[in-house]
Amino acid sequence: MNTSPERDPAAARFAVLQMVRLSGALLALGGVLIITGKVAWLPRLPEAAGYVLIAAGLVDFFVAPLLLARRWKSRP
């Protein structure tokens, strides 16, 4: 059992990857809400802003974790 105060870097990286995916999903959801315009508490924004948010969210959800994992991959 590891009793050192240091944390496992793999666990921290995993948490970062999950937060990146969550932020991408929330961006895409925000874009959908803007496009539909059915949310009263959300300010009325142009429909194009919704499409931009959806695109950014999809990139953040699918591409960013792959790039981070590739960058963090340990060398054999």
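Residues numbered from 1 in each chain as written. Predicted model: local features only at pLDDT ≥ 70, side-chain atom pairs only at ≥ 80, totals over all residues. Heavy atoms only, no water.

### Points about the environment of isoleucine 54
Structurally, isoleucine 54 is set in helix H2 (residues 47–62). For isoleucine 54 and leucine 26, which are 28 residues apart along the polypeptide, the C-alpha to C-alpha distance reads 9.2 Å. Apart from the residues within four sequence positions on either side, isoleucine 54 is in contact with Leu27, Ala28, Gly31, Val32 and Ile35. (Helix = DSSP H or I, 4+ residues; strand = E, 2+ residues; numbered from the N terminus. Contact = heavy atoms within 4.5 Å.)

### Here we look at the packing of aromatic side chains
All told, the structure shown has one aromatic pair when counted by the stated rule. Between phenylalanine 61 and phenylalanine 62, the aromatic rings sit 4.9 Å apart at their centres with planes inclined by 80 degrees, giving edge-to-face as the arrangement. (Phe/Tyr/Trp six-rings, centres within 6.5 Å; stacked < 30°, edge-to-face > 60°.)

### Structural notes on the environment of leucine 33
On the secondary structure map, leucine 33 appears in helix H1 (residues 9–36). Residues leucine 33 and glutamate 47, 14 residues apart in the sequence, show an inter-C-alpha distance of 9.9 Å. Apart from residues lying up to four places away in sequence, leucine 33 is in contact with Lys38, Val39 and Leu42.

### Side note on a nonpolar patch on the surface
Residues Leu58, Val59, Phe61, Phe62, Val63 and Leu67 make up a contiguous nonpolar surface patch of roughly 530 Å² in combined accessible area. Broken down by element, the nonpolar patch gets its largest block of residues, four residues, from H2. (Patch = residues over 30% accessible without salt bridge, like charges linked within 9 Å, V, L, I, M, F, W, Y side chains within 5 Å. Areas by Shrake-Rupley, 256 points an atom, 1.4 Å probe, with all protein chains shown as cover. Salt bridge = Lys/Arg side-chain N within 4 Å of Asp/Glu carboxyl O.)

### As for the side chain of aspartate 60
Here aspartate 60 shows up in helix H2. Excluding residues that lie within four positions of it along the chain, aspartate 60 makes contacts with Val20, Ser23, Gly24, Leu27 and Pro65.

### Some thoughts on the packing of H1 against H2
A pair of packed helices is characterised by two quantities: the angle between their axes and the separation of those axes. At a minimum axis distance of 7 Å, the contact between H1 and H2 shows a crossing angle of 160 degrees. Taken together, the axis directions place H1 and H2 in an arrangement best described as roughly antiparallel. Crossing geometry of H1 relative to H2 is assigned as left-handed. Here Val20, Arg21, Ser23, Gly24, Ala25, Leu27, Ala28, Gly30, Gly31, Val32, Ile34 and Ile35 of H1 lie close against H2, whose contacting residues are Glu47, Gly50, Tyr51, Leu53, Ile54, Ala56, Gly57, Asp60 and Phe61. (Axes fitted to C-alpha atoms, helices over the stretch in contact; angles between N-to-C directions. Parallel < 35°, antiparallel > 145°, perpendicular 65-115°, else oblique. Left-handed = near helix turned anticlockwise from the far one by under 90°.)

### Here we look at the confidence of the model for the protein chain
Scored by pLDDT, the protein chain has a mean of 89; 92% of the residues are at 70 or more. When pLDDT is averaged over each element of the protein chain, H2 comes out on top at 96 and helix H3 (residues 64–72) at the bottom at 93. (pLDDT = per-residue confidence, 0-100.)

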